Amino acid sequence: ICLALDASGSITNDQCKEFLSEVNGIMDQYTDFRIHIWSFDTAVFNPKVFTPENRHELLEYQLGAGGGTDFMCNWDFMKNEGIEPKKFVMFTDGWPFGSWGDEDYCDTIFLINNEYEKSIEAPFGMTVKFE
């Protein structure tokens, strides 16, 4: 799977910590996994692959960025790197500056954490509210 962590300017430090906590919880559910993780704003930052052998490094994972929000950069990154995930999960506040991404590329879940606007629904994939 691929997990993209929104680290744009509208994301708080608490949300970043919550995102990483959820990633740790996902890892706890499986004895074997291969998870591509990166953070993004208008570009992808710090891509890393986690497996059971290096999962302890998640504690040191640094989210980059802090600028605008371009969801499409995630699909551009996956296509450029030849990554075709079985599942793509985006942790976000649901406030992109444009497109929500490429609905035809992969099965997508938008995990939306937004205390100000709770009715956000992605135009494709699955929307999951995360508080």
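Just so it is clear, the structure is predicted and the values come from calculations on it, not from any experiment. (Residues numbered from 1 in each chain as written. Predicted model: local features only at pLDDT ≥ 70, side-chain atom pairs only at ≥ 80, totals over all residues. Heavy atoms only, no water.)

## Quick look at the pairing of strand β1 (residues 2-6)
Burial analysis of β1 places five of its five residues in the buried class, the great majority of the element. Side chains C2, A4 and D6 project from β1 onto one buried face, and the interleaved L3 and L5 project onto a second face that is buried too. With five bridges joining them, β1 and strand β2 (residues 35-40) adopt parallel strand pairing. In the strand pairing of β2, D6 is matched with F40. Assessed by its sense of winding, the connection that carries the chain from β1 through helix α1 (residues 13-28) to β2 is right-handed. As defined by bridge partners, β1 adjoins strand β4 (residues 88-92) across four bridges and the pair is classed as parallel. Considered in β4, the bridge of L5 is made with F91. (Buried < 20%, exposed > 50% of the residue type's maximum accessible area, 1.4 Å probe, protein only. Helix = DSSP H or I, 4+ residues; strand = E, 2+ residues; numbered from the N terminus. Pairing = 2+ DSSP bridges. Right-handed = clockwise from strand over helix to strand, strands pointing away.)

## Focus: the pattern of salt bridges
Under the definition given, this model contains five salt bridges. Residue K79 is joined to D102 by a salt bridge in which the shortest nitrogen-to-oxygen separation is 2.6 Å. In this pair, K79 is assigned in helix α2 (residues 72-81) and D102 in the loop between β4 and β5 (108-112), connecting sequence segments 23 residues apart. Given the relative accessible area of 37%, K79 is considered partly exposed. Here E121 ties to K129 by a salt bridge, and the two come within 3.6 Å at their closest N and O atoms. (Salt bridge = Lys/Arg side-chain N within 4 Å of Asp/Glu carboxyl O.)

## A word on the confidence of the model for the chain
Averaged over all residues, the pLDDT of the chain is 93; the fraction at 70 or higher stands at 99%. Within the chain, α2 carries the highest mean pLDDT (98), whereas α1 carries the lowest (89). (pLDDT = per-residue confidence, 0-100.)

## With respect to the sheet that holds β5
Judged by pairing direction, the sheet is mixed, and its six strands sit side by side in the order β3-β2-β1-β4-β5-β6 without closing on themselves. The outermost strands of the open sheet, each flanked by one partner alone, are β3 (44-50) and β6 (126-129). Strand-to-strand twist in this sheet, taken as the mean axis angle between neighbours without regard to direction, amounts to 20°. The strands that α1 touches are β1, β2, β3 and β4; relative to β1, the one it contacts most, it runs at about 165°. (Axes fitted to C-alpha atoms, helices over the stretch in contact; angles between N-to-C directions. Contact = heavy atoms within 4.5 Å.)

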